[in-house]
Every structure is written in structure tokens, then in C-alpha cells.
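The lines below spell out each chain.
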Amino acid sequence: MQTSRLRLKAGLFTNYLVHGFGMIILTQNLVTLAHHWQSTLTVASFILSGIGIGRLIAYLIMGFISDRFGRKTTLLIGMVTYLIFFVVTPLNQSVALAYGLAILAGVANSALDSATYPLLAEINQNGTSNSVLLKAFISVGEFILPLIVLFLNEQKLWFGLSFLVPAAILLVNLANVLTINVKDAKETTAVEETAGLKLGFAKKSALTAGLFVYGYTSMAVMIWFTQWITIFAKKIDFTAAMAHFLLSLYSLGSISGVIVVVILLKRLTIKKELFLTLNAVSLLAITTITLSTNETVSAIAAFLFGFSAAGGLMQIALNTLLSIYPKHKGMLTGLFFIFGSLASFSVPIITGLIVKNPNINLMAGDILVALVGLAVAVIMFWALPKEKRANTSLADAREDINRIDAQLIDLLEQRFAAVDDVHKFKQNGQIAIKDLDRERQVLDNVAKKTKNKDLVAYNQDIIQTIMDNSRKYQASLK
């Protein structure tokens, strides 16, 4: 079972390495592909929109399949559709088929997301940190592919090899995933929660709405920056080298952020505090970039923006959403990423309108997006209960019990002090020590106050024992 879990996690992370290739492979080969399709660069660029269309079409469908027919089924759909995209695209010479293949890549993306994020939440207690780690594998894929494309160009080798490399990795991983018993992998960990986080109606509603909004803002804030930072920097008279280097610093910050976030989430229970802090840093960084005309200051801010905004915040938000509604992880993953897809569609349109007006600061809108993200982080900080550190050993669990016992002893002493007062009033009023009606009221109240209904009988038994000893204590008083 342990082996199944390790193989499954390795397979999931490998898929997102390949997904890193898939996210930029069309743009890295766009000029060559335009010639291959016998079309213009403008038409070839239009093909890229097919990925967004595929995601929008498929997310809810794949979410339903993931919840209804299983995570493995959805995972295999994503892997097979991506494999078709990688193999057929360099061989195809039709623009129409190219657009269809781009849509297929979007479907593959949605299928992987709808299966992977729920699986990571189900197979490991460190579901949040593992979800964030996916971002690191995407970044590695995005780093490796341009080097492969550059090597192929310099050696005058067929461009299609850049598609076949991820296809080969995917094919090997497909053989791995096909032979994994996903049920065994899930059973090696703690029993999955089915009730979700215990939140009041107001907190649950506000947090749910906020997290869906964050699905949009977390994607929009990154797209806005990556698409326009180079043009913006040149416009404010930065050197061409620095204008391009800002994007590289952002990418470096993103990888560094993922590493730091994963380490912190594995060692500390500070998810909501970390989420709030990083969103605040993100807002401060993009504001600095927007207002600064100093290259050094902007370079530092670009790194910090990548570190915070692109360091796994989206994954933390999604994992939090899944912990609220664990019975519908697939559908909720689909819904969450639909908002991200809307950002992919709308931000280019919004920024395209803004850039027509030379008097408007092109990056100012990104400040507003980051501000909305920070507002969601504040809601999360308010709504989520304080996290309890997970015990990793018997000694840790016993230390927890010792700490709680100390608190109980203090409370019992306070209770017996109140019993002293009760005894005095009963003596003055000549009332019997034993009051069955009062004891029934206390036990009924215990049943109402106990959140975990499986513990009602045990809690009532404990309180009954305390009341029995309270009577003995009163009888001993003069």
C-alpha cells in the first residue's frame, strides 16, 4: 500500500512536469508551427485560444467524472488526451485540426487538475504542501522546454522532437499509473474527512465565495504581470536587458517561493497566516513595480512578486476550498479553475483596452486585482479556525493529552469552587444535595454542545461521573 502511494505521487508530479512543457510548447514553437500549418503568425497565435476554450468546456465535465467515476479514470483521460496532443501536433499541417488539438490540450489540463488536486488532498495529510509542490514541477517543465527548443534550433534538428520528449515521459508514466491501485494508495493514510471544516453559515458562505473569487484573481494577477511587464518596463525607459530580466526574476522568485512555502507548510501549521502574509507581500511588490522608476528597486520587487503571488497561493486556496466540501472535490476543482480560465480570457481583453490610452499606467490595474486577493486572504484569516499541529508520534500524542489534562484539572478546580457556592445556597434553602431534574438538564446540554455526535454518550458518562463526585464532595462539606 505504501508503494502504491509513493508511485501515485510520483506519477502525479511527473504529469505536472509534462504539463509545464504543455503550457508553453505552442508559443515556443509558434513561428515554426505557423510555417508548418502554412498560415500567418496571427492565425497561429489565434490557435492558442483553443487551450482556454478547452479548459472552459471541460472543467465541470471532468469534475463530475472525477467525483462520479473515480480519480484514476479522470487522470487517465488527461494523460491520454495530452499524449494525443503531443504526438499529433508536430505531424499535423491543418489549421483546423491544430485548433482542435489545442482544445484537446485544454481538456487534458482540466482532467489532470480535476483528478490530481482531489487525490493529493485524499492520500496525504500534507495535501496543501503537496498541491503547492505541483507548481514547482510546472516551473521545472517551463524551464527545461526552452532549452530543448534552443538546442534543436542550433543543431538544425526537427522541431517535433520538442513534442516527443514530453510524449515519451508521459507514455512511461502512463504505464506506471495504469498499474497502480488508487484505492490502496488512499487507504494508507488517515480516513478521509466527509463532513468538512466546521464553520458557521456566515463564515462558510463568505469563505466559499471569496475562494472562488480568488480562483480568478490569483490567475489574473500573474497573467497581467507576465504579459505586460516587459513592455511596461521599456515604456518607463528601463534598458531592454532589464525589461526582460524582470520576468526572469519573477520566475526565479516563483520557484523559490514554492520551495519555501512547501517547507513551511510541512513543518508549521500556519496556512492562513502564511496566505495572508504572502498576499500582503504580493500587493506591496506589484505596487512598488507600478510606481518605481528605479531598476534595482523594481528588480527586487519582481523577485518578491514571483515569490509571493506565484509561490503556490492558488494551490493553498484550492486546497482550503476542498477541505470545506470534501465530498465534491472534483466538481469544486473544476469550478475553481473555471474562474482561472475566465481570467485567462478576460485579462488580455481588459489590458488591451487599457494600453490604448497612453495616459493610464498599464500595471495599475494589477494593483486592484492584488488588493481583491488580499481581501480574500483577510476573509480566510477570519473564517478559518486555528490549525492544530498534527501529531507525528506516540510521544507527541501523549504530550497533547498531558497538556489537555492540565487544562481539565484547572477547570475542575474552578467547577468545585462553584460547587462550594451551590452547597451554601442549598444549605440556606434546605434543598437536597441530589437534584435529578438538574442533572438531566446538564446531560441534555452536553448532548447539544457536543459537535461530534459519536462522542455524546462518552461525554455524558464523563459529566455524570463529575456530578456524582460533586455530590460526594458536597456531602463531605460541613
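Residues numbered from 1 in each chain as written. Predicted model: local features only at pLDDT ≥ 70, side-chain atom pairs only at ≥ 80, totals over all residues. Heavy atoms only, no water.

### Here's the deal with the overall build of the protein chain
Under the convention used in this document: Starting at the N terminus, helices and strands are each numbered in turn, a helix being any DSSP run of H or I of at least four residues and a strand any DSSP run of E of at least two. Relative accessible area decides the class of each residue, using a 1.4 Å probe on protein chains only: under 20% of the type maximum gives buried, over 50% gives exposed, and in between gives partly exposed. Surface accessibility in these figures is a Shrake-Rupley result with a 1.4 Å probe; residues are shielded only by whichever protein chains are displayed. In this tally, Asp and Glu contribute negative charge and Lys and Arg positive charge; neither His nor the terminal groups of the chain are included. Charged side chains are reduced to one point each, which is NZ for Lys, CZ for Arg, CG for Asp and CD for Glu.
Within the protein chain, the secondary structure is distributed over 19 helices and zero strands. With the principal axes as the frame, the protein chain shows a C-alpha extent of 100 × 55 × 35 Å. Counting every position in the protein chain, which comprises 478 residues, the buried fraction comes to 46%. Surface summary for the protein chain: the accessible area is close to 23700 Å², and the carbon and sulfur share equals 66%. Here the protein chain contributes 41 positive and 29 negative side-chain charges, whose respective centroids are spaced 4 Å apart.

### Observations concerning the pattern of salt bridges
We apply this condition: The salt bridge definition used is simple: a Lys or Arg side-chain nitrogen within 4 Å of an Asp or Glu carboxyl oxygen.
With the rule as written, the count across this model stands at four salt bridges. Between Arg440 and Asp437 there is a salt bridge, and its shortest N-O distance comes to 2.3 Å. Here Asp437 and Arg440 lie together in helix α18 (residues 436-449), a separation of three residues that amounts to about one turn. On the basis of relative accessibility, which here comes to 47%, the residue Asp437 falls in the partly exposed class. When the shortest N-O distance is used, the salt bridge between Arg471 and Asp468 registers 2.7 Å. Linking Arg471 with Asp468, this pair stays in helix α19 (residues 456-476), spanning three residues, or about one helical turn. A relative accessible area of 27% places Asp468 in the partly exposed class. Each of Glu439, Asp468 and Arg471 takes part in a single network of salt bridges with overlapping partners.

### Details of the nonpolar core
Going by this rule: Nine residue types can take part in a nonpolar core, namely buried Ala, Val, Leu, Ile, Met, Phe, Trp, Tyr and Cys, and a core is a set of them joined through side-chain atoms within 4.5 Å. The contact criterion used is simple: two residues touch if any of their non-hydrogen atoms lie within 4.5 Å.
Counting residues in each nonpolar core, the largest one holds 118 residues, and the members touching the most others are Phe85, Phe86, Phe225, Ile289 and Phe305. Ranked by residue count, the leading element in this core is helix α10 (residues 201-235), at 15 residues. When residues no more than four places from it in sequence are discounted, the contact partners of Phe305 are Val221, Phe225, Tyr250, Ser282, Ala285, Ile286, Ile289, Ala310 and Asp366. Met62, Ile65, Val107 and Ala111 belong to the second-largest nonpolar core, a separate cluster that totals five residues.

### What about the packing of aromatic side chains?
Where two aromatic rings form a pair, the distance of their centres and the angle of their planes describe that pair. Short version of the rule: Under the pairing criterion, centres of Phe, Tyr and Trp rings, with the six-membered ring standing for Trp, must be within 6.5 Å; the plane angle then separates stacked pairs below 30 degrees from edge-to-face pairs above 60, leaving the rest tilted. We call a charge positioned above a ring when the Lys NZ or Arg CZ atom is no farther than 6 Å from the ring centre and deviates by at most 35 degrees from the ring normal.
Counted under the stated rule, the structure contains 20 aromatic pairs. Both rings, one in Phe159 and one in Phe163, keep their centres 6.2 Å apart while their planes meet at 85 degrees; by these two values the pair is edge-to-face. No difference in accessibility class separates Phe159 from Phe163, as the two residues are buried. Taken together, the ring pairs in this structure connect Tyr82, Phe85, Phe86, Trp158, Phe159 and Phe163 into an aromatic cluster. Sitting over the face of the ring of Phe69, Arg68 holds its NZ or CZ atom 5.2 Å from the ring centroid. Positioned over the ring face of Phe381 is Lys272, at 5.0 Å from the centre of the ring.

### Quick notes on the packing of helix α12 (residues 271-291) against helix α16 (residues 364-383)
Put simply, the rule is: Only the stretch in contact is used when fitting a helix axis, every axis being a line fitted to C-alpha atoms; angles between N-to-C directions are given from 0 to 180 degrees. In these notes the angle categories are as follows: under 35 degrees is roughly parallel, over 145 is roughly antiparallel, 65 to 115 is roughly perpendicular, and the rest is oblique. In this scheme the handedness of a crossing depends on how the near helix is turned from the far one: anticlockwise by less than a right angle means left-handed, clockwise means right-handed.
Put simply, α12 and α16 touch, their axes get as near as 9 Å, and they point 165 degrees apart. Regarding the angle of α12 to α16, the classification is roughly antiparallel. For the element pair α12 and α16, the recorded crossing hand is left-handed. Contacts between α12 and α16 involve Lys272, Glu273, Phe275, Leu276, Asn279, Ala280, Leu283, Ile286, Thr287 and Thr290 from the first element and Ala364, Asp366, Ile367, Ala370, Leu371, Gly373, Leu374, Ala377, Val378, Met380 and Phe381 from the second.

### A closer look at the packing of α18 against α19
Two measures define how a pair of helices packs: the angle their axes make with one another and the distance between the axes. Worth spelling out the cut-off: Each residue gets one label: Ala, Val, Leu, Ile, Met, Phe, Trp, Tyr, Cys and Pro are nonpolar, Asp, Glu, Lys and Arg are charged, and the others, such as Gly, are polar.
Where α18 contacts α19, the axes come no closer than 9 Å and their chain directions differ by 150 degrees. Between α18 and α19, the angle is such that the two are roughly antiparallel. Note that α18 runs across α19; the crossing there is right-handed. Where α18 approaches α19, its residues Glu439, Val442, Leu443, Val446 and Ala447 are matched on the opposing element by Val456, Asn459, Gln460, Ile463, Gln464, Met467 and Arg471. Taken together, the residues of the contact of α18 with α19 sort by class into seven nonpolar, three polar and two charged.

### Here we look at helix α15 (residues 329-354)
Operational definition: Multiply 1.5 Å by the residue count of a helix minus one, and that product is the helix's expected span. Note that bend, as reported per residue, equals the angle between axes fitted to the 7 residues terminating at that residue and the 7 residues originating from it.
Taking 1.5 Å of rise per residue, the 26 residues of α15 would be expected to cover 38 Å, and the 37 Å separating its terminal C-alpha atoms lies within 8% of that figure. The sharpest bend along α15 comes to roughly 30 degrees, located at Ser346, with the proline Pro348 sitting one to four residues further on.

### Concerning the environment of Ile57
Within the secondary structure, Ile57 sits in helix α4 (residues 49-69). Assessed through its relative accessible area of 51%, Ile57 is described here as exposed.

### A closer look at a nonpolar patch on the surface
Worth spelling out the cut-off: By definition, no residue in a patch forms a salt bridge, and every one has over 30% relative accessible area; like charges are joined within 9 Å, nonpolar side chains (Val, Leu, Ile, Met, Phe, Trp, Tyr) within 5 Å.
There is a patch of nonpolar side chains on the surface, built from Val87, Leu91, Phe151, Leu157, Trp158, Leu161 and Leu164 and spanning about 610 Å² of accessible area. Tracing the chain through its elements places Leu157 in the loop between α7 (127-154) and α8 (161-178).

### Some words on the environment of Leu276
Locating Leu276 in the fold gives a position in helix α12. Judged by its relative accessible area of 23%, Leu276 is partly exposed. The spacing of Leu276 and Ala375 is 99 residues in sequence and 9.0 Å in space, taken between C-alpha atoms. When neighbours within four sequence positions are excluded, Leu276 is seen to be in contact with Leu374, Ala377, Val378 and Phe381.

### Here we look at the confidence of the model for the protein chain
For any part of a model where pLDDT is low, the fine detail of the predicted coordinates should not be relied upon. Rule in force here: Values of pLDDT, ranging from 0 to 100, describe the predictor's confidence in every residue of the model.
Confidence along the protein chain averages 86 in pLDDT terms, with 94% of residues attaining 70 or more. Ignoring residues within four places in sequence, the model shows residues 187-194, a span with pLDDT below 50, making 15 contacts including any to other chains.

### Observations concerning α10
Over its 35 residues, α10 runs 48 Å from end to end, which matches the ideal 51 Å to within 8%, given 1.5 Å per residue. Within α10, the axis deviates most sharply at Trp228, by approximately 50 degrees. Looking one or two residues beyond α10, the residue adopting positive phi is Asp237, at roughly 70 degrees.

### Focus on the environment of His423
Along the chain, His423 falls in helix α17 (residues 394-429). Exposure remark for His423: the relative accessible area of 8% places this residue in the buried category. As a C-alpha pair, His423 and Lys72 span 351 residues in sequence and 65 Å in three-dimensional space.

### Comments concerning unusual backbone geometry
Even without glycine at this site, Gln38 takes up a positive phi of about 60 degrees. The backbone phi angle of Lys156 is positive, close to 55 degrees, even though this residue is not glycine. Along the polypeptide, Lys156 turns up in the loop between α7 and α8. Since its relative accessible area comes to 75%, Lys156 is described here as exposed.

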